[in-house]
Structures are given as structure tokens and as C-alpha cells.
Amino acid sequence: MSPAITRAVEIRAPSGETEGTRSQILRWLKRLGESVAENEPLIEIETDKVTAVELASPGSGVLREILKQEQEEIAPGELLGRIESGAAAGAAAATPAIAAPAVVASAAAGTAGAPARRERRAGAAAGELSPAVSRLLRERGLDAAAIRGTGPGGRVTVEDVLRGGTAEPREPGAGADAAGEIRRVPHTAVRKRIAEHMVQSLLRTAPHVTTVFEADLAAVLADRSRRREEFARRGVPLTLTAYFVQAAVAAIRAVPEANSRWTDTALEIHELIHIGVATAVEGTGLLVPVLRDAGSRDLFDTALGLNDLVTRARAGELSPADLRGGTFTISNHGVSGSLLAAPIIINQPQSAILGVGKLEKRPVVVDEGDEEKIVVRPRCYVTLTLDHRVMDGHRANRFLEVLVQTLGAWPA
């Protein structure tokens, strides 16, 4: 008989990311010695731009070599492992003679003693858990079998994981010190990159300054009350963020340098307005998906785009492309109760970020004819933190003046 023809198929990290993007192996979806089909999900990769993306297998065969372990950083195009393809691979896969570790070790994550737990979770809903659900289960130490799924066919969803379940007991030494008083949580690629961006922006790149105004949202709330049911019938929630995006567009048109970037030789003002919307994702941190061409959208299209981005962000389904190319950012920190904040321009080389505080009813002095009266109005603080090289205080104040006027006289 002629010898079986085999070949090694290389598994490489994606090479199409933008400069500066960092990635790490979140987990291997196959074990050494297991068969894998071409285009089958093989690795979950976490990047500093998005929670997790799946890397598909470049060929069919048997996973023979793993060169990068879980939690290790990887470079674009780096060799991660090899698949043995061919007749011999198929025969070997059918014969359990080749010893292989049951689970890929993950020293960086401190998971010694965890293989049995990981096996249980994988078996609880084999092939039915989305990458985002698998990640949340792993981060929270939960067993999928202990959570009642509300998705199609009883499938466990992200919301199910966030709502329910009790953490499994942690083995001694798994992320804790000897006395059991400290629990170590390794930094994710997302969290490390956020920290680096903050330090780079604040201390080494852009001199920051913040200006504060107060916005009256009575007109916005009245308009929202009129349109809410109409938007709901069309399948889109009408959030206050949609109004702030629209008002920010009006303010950018009045002060174009807010939608620019500083270079050593010139101020580059973007003609298109791509607004990043800071979104807190449970268990991950802050992501900033970008609403493309916000300047050409009406209120409905703005609400539609925001709903799509936020829904996919919280489900762990954003792609790296969804987080690229922003020219201005909005941080609605008020949704978690904050009255006033001065957000840092994390996404360099943007020049400004709008902060929106908590909406609350406040007593305000108003003129009615020749009299002054105290009335209760729905108001919030808005801040503009900017690169002081790009604009001076009076231009920043002009930006917020237009923003506040637009909101106060809605529809403009």
C-alpha cells in the first residue's frame, strides 16, 4: 500500500487588525487530538477592541499542536498551532492511542484543578452556548446546567447568566492568596488597553480641560412621550441617548473642530461625523461602538443604529470594525446615577468627549413677565472634555451652548 499522505495546516492569528490592536487567546474550543472541520470555530480570541471573536479552522483534520496557550498575548499573523490533515490524521483521530491533555492548561489564569469544572460546563450545553454566554459562565464560575434558559429551545442567553446562578466553590489557590483574603482577577486585554489609553491620553498626549453646562430636557421628554409608541411599533426603543446624538451633531456643525484630530502640522477636521457611544458591558468593561455617519441620520435612524450597537455589545457580538473610526464620543454616565463627571478622551486622536449626567427634577428660577418664580424642571449636567490644543474655552462653551439650546427647544 502507498503511504498515507498528510500535511500540516497552520493556524495563524488574524492579520487584518488595525495598528495597535492587541489580542490574546481566550480559549481553545478543541483539545489536542480532537478532529476539527474546516471553518468550524476553533479558538476564541479577545482583543482590546472587542470582547471576543471566533477564529475558524483553516482546514480539516486533527489538532496536533498548540503553540499559544489561553491568556497568552498573540501578534497579528502569529502561528498559534497546527492541524494534521490527510488520511493518517483521520485514522489517528479514530484511534485513541495518542495521549493528549484533556484540557489545555492556562497558567496565566490560575486554573490548576479546573479541568473537571470546564468539562462539566462544556457538556452541559454542548454546541449550544454562544461565545458570549460561554465567556460569562467562565468568568462567573457558573455551570450552564444550573441556569434555566429562556432562549429558543431553552437555550441559555447572556441575560440568563446575568440574572441567575450561584458561583461554584473555588478550589484553594485558584486566584486567591494563601490566607484566602485576596482574590486575583487577571487583566483582560480590554481592561489593559483601556488603562493604557487613559494614561497615554491624560499624561502624554492631550492637555485636557472640561467645561460644564446644565440642560433642560422638558421639551425632549415631551417629544419622547409623543413618539415612543410609534418607535416601539417599528421595533426600536427611543432612548435619551438618541436625542443627545442628534444635539451633538448640531453642536459639531456649529463648532467643527470638536470633530477633529490634532497633528503637528495641522488640525484635521472630519467632514463625516462618526459618534462613539461609550457602553458599559457587565464583566468586560467599557466598549465604544461607533454610530457611522451620524450627521445624515434622523431621530429614528439614530435610535435604530444605537439599539443595534448596544444590543450586540451586551451580547458580546461586536466585531472589531464596529469599534473603529470614531471621530467624537458620548459617555452617558448618568445612566448609572452619576450627576457630574469629566470623562477622559480615551480614543485618541479624537479631540473631545461629551459627558451626560443623571436626569433629575430640580428647582429652577424662571422669569414670567415681570416676576421670578421657582419651578421644577427635568435637568441634567453636560460636560465637554476637550484637547485644549484644538480649541479654547470660548469655543467649547459655544459647543455646549448649541447642544443645550437644541435640547431645550426640541424639535429644533
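Residues numbered from 1 in each chain as written. Predicted model: local features only at pLDDT ≥ 70, side-chain atom pairs only at ≥ 80, totals over all residues. Heavy atoms only, no water.

**Observations concerning the overall build of the chain**
Put simply, the test is: Runs of H or I in DSSP of at least four residues are treated as helices and runs of E of at least two as strands, each being numbered from the N terminus. Each residue is placed in one exposure class: buried if its accessible area under a 1.4 Å probe, protein chains only, is under 20% of its type's maximum, exposed if it is over 50%, and partly exposed if it falls in between. The protein chains shown are the only cover counted for residues, whose accessible areas, like all others here, come from Shrake-Rupley with a 1.4 Å probe.
Helix and strand counts for the chain stand at nine helices and 19 strands. Every one of the 412 residues in the chain was classed for burial, and the buried ones make up 43%. Taken as a whole, the chain presents about 20700 Å² of accessible surface, with 52% of it coming from carbon and sulfur.

**Focus on the confidence of the model for the chain**
The criterion, for reference: Note on scores: pLDDT gives the predictor's confidence for each residue, bounded by 0 and 100. Every residue pair with non-hydrogen atoms within 4.5 Å of one another is taken to be in contact.
Looking at the chain, the pLDDT average stands at 77 and 69% of residues meet or exceed 70. Element-level mean pLDDT values for the chain span from 38 in helix H2 (residues 115-124) up to 97 in helix H7 (residues 240-254). Taken as a whole, residues 91-127 scores under 50 in pLDDT and shows 52 contacts with residues more than four places along the chain or in a different chain. For the stretch residues 165-180, pLDDT sits under 50, and the model shows 28 contacts to residues farther than four places along the chain or on other chains.

**Focus: the sheet that holds strand S4 (residues 41-47)**
Applicable threshold: Any two strands between which DSSP finds at least two bridges are classified as paired.
With antiparallel pairing, the four strands of this open sheet are ordered in space as S5-S4-S2-S7. Two strands bound the open sheet, and with one partner strand each, they are strand S5 (53-56) and strand S7 (73-74). Here four bridges tie S4 to S5, and the two strands are oriented antiparallel to one another. If you follow Glu44 over to S5, its bridge partner there is Glu54.

**Some thoughts on the pattern of salt bridges**
Just so we agree on the cut-off: We define a salt bridge as a side-chain nitrogen of Lys or Arg found within 4 Å of a carboxyl oxygen belonging to Asp or Glu.
Tallied over the entire structure, the rule returns 24 salt bridges. A salt bridge links Arg12 to Glu10; the shortest N-O distance between them is 3.0 Å. Looking at Glu10, the relative accessible area reads 38%, which means it is partly exposed. A salt bridge links Asp301 to Arg297, with the shortest nitrogen-to-oxygen separation between them at 3.6 Å. When salt bridges with common partners are traced through the structure, they connect Glu214, Asp216, Glu360, Arg362, Arg377 and Arg379 into a single cluster.

**Remarks on the pairing of strand S17 (residues 352-356)**
When a strand is regular, its side chains alternate between the sheet's two faces. Where burial is concerned, most of S17 is hidden: five out of the five residues are buried. In S17, alternate side chains face the same way, and those of Ala352, Leu354 and Val356 on one face and Ile353 and Gly355 on the other are all buried. Note that strand S16 (residues 328-331) and S17 share three bridges and pair parallel. Looking at the pairing, Thr329 lines up with Ile353 of S17. When S17 meets strand S19 (residues 371-387), the two strands line up antiparallel, connected through five bridges. For Val356, the partnering residue across the bridge sits in S19 and is Val382.

**So, the nonpolar core**
The test is simple: Definition of nonpolar core: a set of buried residues of the types Ala, Val, Leu, Ile, Met, Phe, Trp, Tyr and Cys, connected through side-chain atoms within 4.5 Å.
If you look at the biggest cluster of nonpolar residues, it comprises 48 residues, and the most contacted ones within it are Ile275, Phe328, Val382, Phe399, Leu403 and Leu407. Mapped onto this core, the elements with two or more residues apiece are helix H6 (218-233), H7, strand S12 (275-277), helix H8 (299-314), S16, S17, S19 and helix H9 (393-408). If one sorts the elements of this core by residue count, H7 sits on top with 10 residues. For Phe399, the residues in contact, after removing those within four places along its chain, are Ala248, Ala251, Ile252, Val255, Ala258, Phe328 and Leu384. Trp28, Leu55, Ile74 and Leu80 belong to the second largest nonpolar core, which has 15 residues in total.

**As for a nonpolar patch on the surface**
Here is the rule we go by: Patches here are clusters of residues that have more than 30% relative accessible area and form no salt bridge, with a 9 Å joining cutoff for like charges and a 5 Å cutoff for nonpolar side chains (Val, Leu, Ile, Met, Phe, Trp, Tyr).
A cluster of nonpolar side chains, namely Val212, Leu339, Leu340 and Tyr381, defines an oily patch on the protein surface of about 320 Å² accessible area. Summarising the element assignment, Leu339 is placed in the loop between S16 and S17.

**Thoughts on the packing of aromatic side chains**
Inclusion rule: Between 30 and 60 degrees the pair is tilted, below 30 it is stacked and above 60 it is edge-to-face, where a pair is any two Phe, Tyr or Trp rings, Trp via its six-membered ring, whose centres lie within 6.5 Å. Placement of a charge over a ring requires the Lys NZ or Arg CZ to be within 6 Å of the ring centre, with the centre-to-atom vector within 35 degrees of the ring normal.
Enumeration according to the criterion identifies three aromatic pairs in this entry. With centroids separated by 5.3 Å and ring planes inclined at 70°, the aromatic side chains of Phe231 and Phe300 adopt a geometry described as edge-to-face. In this pair, Phe231 is assigned in helix H6 and Phe300 in helix H8, connecting sequence segments 69 residues apart. In terms of burial, Phe231 and Phe300 fall into one category: buried. It is Arg234 that lies over the ring of Phe300; its NZ or CZ is 3.6 Å from the centre.

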